[in-house]
Every structure is written in structure tokens, then in C-alpha cells.
Amino acid sequence: MRGYCEEALRYGEMPVLNGSRPRQITVILNPVADKRKSRKNFDKYCAPLLHLAGISVNIIQTEFEGQARELVESLDEIVDTIVVAGGDGTVSEAVTGLLRRADGDLAVQRKFPIGILPLGRTNTVATSLFFDSAKVKMMAKATMGVIQEITKPIDVIKIEVLETEDELPGKPVYCLGGIQWGAYRDAYAKKDKYWYWGMLRSYVTYIFMGLKSEESGVSWQCKGHLSYILPCKGCSKCVQAVENDKSAHRWWHVFVQRQVTDPVSKDYSKVINEHCGSKLEQDFSTVDMSLTTANVCPNCIRDGDPHIQVAIGPPSVSFPGFVWEGWRRKYGKAPRTEQVLQARELEIRPVLKNNSENTEHWISIDNEDYEVKPIYATLLPKKVHVFYTPAESSS
Ligand SMILES: CCCCCCCCCCCCC/C=C/[C@@H](O)[C@H](COP(=O)(O)O)NC(=O)CCCCC
Ligand SMILES: Nc1ncnc2c1ncn2[C@@H]1O[C@H](COP(=O)(O)OP(=O)(O)O)[C@@H](O)[C@H]1O
């Protein structure tokens, strides 16, 4: 911590230009994150660094679920830097609030950055930005990112509920990490039921859930229809130079989101990709399925076409196989998959067993629970800027 304090102090001692006010940030803090330890951790490991750096901090504590989204969506004008202090759920809410704003695109174009302080129980995106095996060091690194003002753009998935006979489309939800559906997600979500097992609860969950099988309320069969559009690095079909942007609307633009690029950077008119905009379809039936962004899966999504990774697990699993795979995941091993697809946009129409109103089926979006519904997911590559600390600048 001492190294971080000294570095923060160096920023604090920098002279402020005549007439300009000290830097101000608004921290949206979820006080119930990480089993209510978030405020204490913020005061202990983040606030002192911000104060040493001479930053004026305005803290807003959320009072209910969804308030982080409402706050960001309803700010009159975004003047101060917004820093989200909490877990994945609060970060996803804040980004949803930002991108739902009428001026959301303007904020994004101006590269208005968001700070993420990993004060939750699950901090998937923050962990990939500030990875450190020590939680305290990760909090300090994330705070230094805000102080140093180094930013990088990250991908976002826009999730829209499709209109059906019983469902009107709501407002979109934006996600930075991914979506999980299936038996492993359900077991993970129910692990706190076994709190009396203490440290062992994550392990015994897979045993109990696996034993209860049908009655456990776990989704052993995720079935549905998937349509997806292949990713493209940029070609004559999908990239339009700025000057030509007002050019005639082509029929394929219904399927292909046009990318706008600097006309001098590259001439895409000569790049041909026959597969650009191609739509593929398939049915699926599996115990486990996920959508992942490159933000949290640097090893499975390498440089290349920006895309959402769709991972489909096996069609069924035995009891020992379920427990073994659950434990592997607990150790941070990558999930075993049967099929991995890459998509720029996709539509998922789940087919629910019994279609009964009494049976609830849940998925996780950035580790928050949502009811299973038909959705359209669109990748927004490098949509939001976040503060981060390059590996070499950490102390
Ligand atoms: C691996 C992929 C599997 C995909 C299967 C299906 C996924 C279903 C996801 C459903 C996501 C719903 C996302 C959107 C919700 C909003 O439209 C809706 C309205 O928002 P608002 O107007 O701000 O209230 N919000 C909700 O329904 C919130 C539900 C909260 C439940 C705790
Ligand atoms: N004051 C509050 N009371 C109850 N829930 C809240 C409050 N503030 C935020 N939340 C909700 O808490 C949930 C979990 O938050 P999150 O930041 O992901 O922390 P954790 O990773 O510890 O679960 C989010 O859905 C968020 O909307």
C-alpha cells in the first residue's frame, strides 16, 4: 500500500493551473456489495489514495437495486468522473444507465470514462483489468487507474428482449462480462443455501444439486433456437467511410450494423468478405451455455474480429461428471464445451420445458439474475472507456 500512497501523493502535489478547480469524482457505492463490506473497504483502501491525489470525492450510496442505473441515466449533465464502487451487478447497472441516456452516444463518443472499483463479491471485469491475487491490491490498483486517468475501451453486449405474444420489449440491458444459462450457473447461484458448510459450500453445492437432480430446480436442459451473424474485421459491405456515410441504404444493412471509420485509415472498399453479414441458424439442447465478451476472456478471444463468444456445453452430464466439472470451474479452469461459435449479433429463442408458469428458469447477466426470455444480443465493440492500470505502472 505504501508504494500506492507515495504515487498518489505525487499526483496530489502536482500544481493546479490558475483558476482551474481540483478534480472531482462522483462515487456510486453499493453499500450491500460483498456482504456489506464494500463501504469499509472503500474507506480503508480507496478513499485515502483519492484524497492523497487531491481529488474531491462525492459519494452516493445506493439504497435499492436498480438505483445505480437510475442515477447515471438521470444525471442532468455528466461533468464529474463517475466511479462505480461495487460488484459486477452495480457496474452493469451504471453502464446500462449511461448507454440508455439520450446523450449516451455523445458521452461514449467523447470517451467519457467510467471508473470501476472492485468492491463486490464478484468483480469479473475489474479482475481482468486489475488482476492481482490479493484483493486489497486490486482495489488499490483500480483506484490508481482513476487517479492516473489512463483509459481503454471495452466491449459491451446490448441485450434486448424480443417481443412475443406475452411480452413487450423492455428497455435494453447492457452487459460487460457475459451471460450464463444452465446447471452450473444455477448451482453457483444457489451456493449460499449451504452457508453452514463454510468454505466448503461451493464444493458441496455441486454434490447436493447433482444428487437432487430433477427436483433441484436446476436447468439440466437448456433448449432453444439460435440465429447468429458472423463477425467481420471490416469489409466493403459493412464499413462505410465517413464521407460516404449518408450514402444509399443497402438491403443488407437490415442485418449488418454499418461501421464508420476514418476515410484515410484504410480503404475497405477493396476488402471482400463473402461471409460478412451471413446469418447461420441451429437448434441447441445442453446443460450449459454462455455468451462471453473479450473483456473477461482474453485467452479465448484473441485479436481479430470483434465478437461475442458463444459456448455450448454437452447435451447431458452424469452425476460425477457434473461434480467434477463444477469443482474444476471453482478452481478457475475454463468450462468444458462441445461447440464454440463466434457472433457479432445473435438471437436466442429458448424453448422452456412444460412452458409452465410455476417453473422458473433463470440466467445470469453479469452475475445478476434475470428470467429466461427470447433475446437479441448485439456486440458493441470498444463501446465504453474504463480506467485501468497498465501492468508496468503498478507498485
Ligand atoms: C447463454 C445465453 C442464454 C440466453 C437465454 C435467454 C436470456 C434471457 C435474458 C433476459 C434478459 C432481460 C434483459 C432486459 C430487461 C429489461 O428490458 C427489463 C426492463 O427494464 P426497465 O425498464 O429498466 O425496468 N428489466 C427487467 O426485466 C429486469 C428484471 C430484473 C429481475 C431481477
Ligand atoms: N442499497 C441496496 N440494497 C439492496 N440491493 C442493492 C442496494 N444497492 C445496490 N443493490 C443491488 O445489489 C446487487 C448486487 O450488487 P453487486 O454490486 O453486484 O455486488 P456483489 O458482487 O457483492 O453481489 C445489485 O443487483 C444491485 O442493484
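Sequence order as written defines residue numbering, which begins from 1 separately in each chain. To label them, take the chains in the order written and letter them from A, then take the ligands in the order written and number them from 1. Side-chain atom pairs in this predicted model are given and counted only at pLDDT of 80 or more, local residue features only at pLDDT of at least 70, and totals for whole chains, interfaces and linings cover all residues. Water and hydrogen atoms play no part in the side-chain values, which are based on all heavy atoms of the structure.

Enquirer: Hey, could you run me through the confidence of the model for the chain in this one?
Expert: Predicted coordinates in regions of low pLDDT should not be interpreted in detail. Confidence of the predictor at the level of single residues is captured by pLDDT, which takes values from 0 to 100. On average, residues of the chain score 85 in pLDDT, and 85% of them reach the 70 mark or higher. Every residue in residues 241-264 scores below 50 in pLDDT, and together they form 40 contacts with partners more than four places removed in sequence or on other chains. Across the assembled chains, the prediction reports ipTM 0.90 with pTM 0.88. Any two residues whose heavy atoms approach within 4.5 Å are treated as being in contact.

Enquirer: How should I be thinking about the site of ligand 1 in this particular structure?
Expert: Around ligand 1, the surrounding shell holds 20 residues, and the nearest of these are Arg-69, Arg-100, Lys-171, Val-173 and Lys-373. N or O atoms within 3.5 Å of each other form a polar contact, as long as, within protein, one can give a hydrogen and the other can take it, and as long as residues adjacent in sequence are counted only when both atoms are side-chain atoms. Between an oxygen atom of ligand 1 and a side-chain N or O atom of Arg-100, the distance comes to 2.7 Å. Elements are defined by DSSP. Helices are runs of H or I of four residues or more, strands are runs of E of two residues or more, and each kind is numbered from the N terminus. Listed by contribution, the elements that provide at least two residues to the shell around ligand 1 are β7 (178-182), β12 (288-292), β16 (362-365) and β17 (368-371). Here the shell around ligand 1 is built from residues that sort into 11 nonpolar, two polar and seven charged. Being near a molecule or strand, for a residue, means having at least one of its heavy atoms within 4 Å of it. Under the grouping applied here, Gly and all other residues not named as nonpolar or charged are polar, the nonpolar ones being Ala, Val, Leu, Ile, Met, Phe, Trp, Tyr, Cys and Pro and the charged ones Asp, Glu, Lys and Arg.

Enquirer: Help me understand the site of ligand 2, please; the structure alone is not making it clear to me.
Expert: The environment of ligand 2 is made up of 19 residues, and the closest members are Asp-34, Thr-62, Thr-90, Glu-93 and Glu-368. Take Gly-89: an N or O atom from its main chain is 2.9 Å from an oxygen atom of ligand 2. The separation between an oxygen atom of ligand 2 and a polar side-chain atom of Thr-90 is 2.4 Å. Only the protein chains shown count as cover for residues, and the accessible areas themselves come from Shrake-Rupley with a 1.4 Å probe. Coverage of ligand 2 by the protein chains reaches 81% of its 570 Å² of free accessible surface. Counting residues per element, the shell around ligand 2 draws most heavily on helix α5 (residues 88-100), which supplies four residues. For the shell around ligand 2, the residue count by class is three nonpolar, nine polar and seven charged.

Enquirer: Mind showing me how you'd approach unusual backbone geometry here?
Expert: Most peptide bonds take the trans configuration, and most residues that are not glycine carry a negative phi. A positive phi angle is found at Glu-149, which is not glycine, with a value near 60°. On the secondary structure map, Glu-149 appears in the loop between α8 (135-148) and β5 (151-161). The partly exposed category is assigned to Glu-149, whose relative accessible area is 47%. For Asn-367, which is not glycine, the phi dihedral falls at a positive 65°. Tracing the chain through its elements places Asn-367 in the loop between β16 and β17. Per-residue accessibility, obtained with a 1.4 Å probe over protein chains only, is compared with the maximum for each type, and a residue is labelled buried under 20%, exposed over 50%, and partly exposed between these values.

Enquirer: I tried to follow the domain arrangement of the chain on my own but got confused; where do I start?
Expert: Reports often express the size of an interface as the amount of accessible area lost when the parts come together. When the domains of the chain are assigned, the result is domain 1 (1-13 + 22-155) and domain 2 (178-233 + 274-365). Centre-to-centre separation of domain 1 and domain 2, based on C-alpha positions: 29 Å. Contact with domain 1, which involves eight residues of that partner, is made by seven residues of domain 2. In short, buried area is how much 1.4 Å probe accessible area vanishes from two parts on joining, totalled over both. Across the interface of domain 1 and domain 2, roughly 650 Å² is buried in total on both sides, 43% from carbon and sulfur atoms. Here a salt bridge means any side-chain nitrogen of Lys or Arg lying within 4 Å of a carboxyl oxygen belonging to Asp or Glu. Across the contact surface, domain 1 and domain 2 share one salt bridge. Here Asp-192 makes a salt bridge to Arg-121, at a shortest N to O gap of 2.7 Å. Joining domain 1 to domain 2, the criterion identifies three residue pairs in polar contact (both at pLDDT 80 or more). Elements with a contribution of two residues or more to the side of domain 1 that touches domain 2: α7 (124-130) and β5. Considering every element that reaches the side of domain 1 that touches domain 2, the biggest residue donor is α7, with three residues. Its residues assigned to classes, the side of domain 1 that touches domain 2 comprises two nonpolar, three polar and three charged. Each domain span listed reflects an automatic or database assignment of domains.

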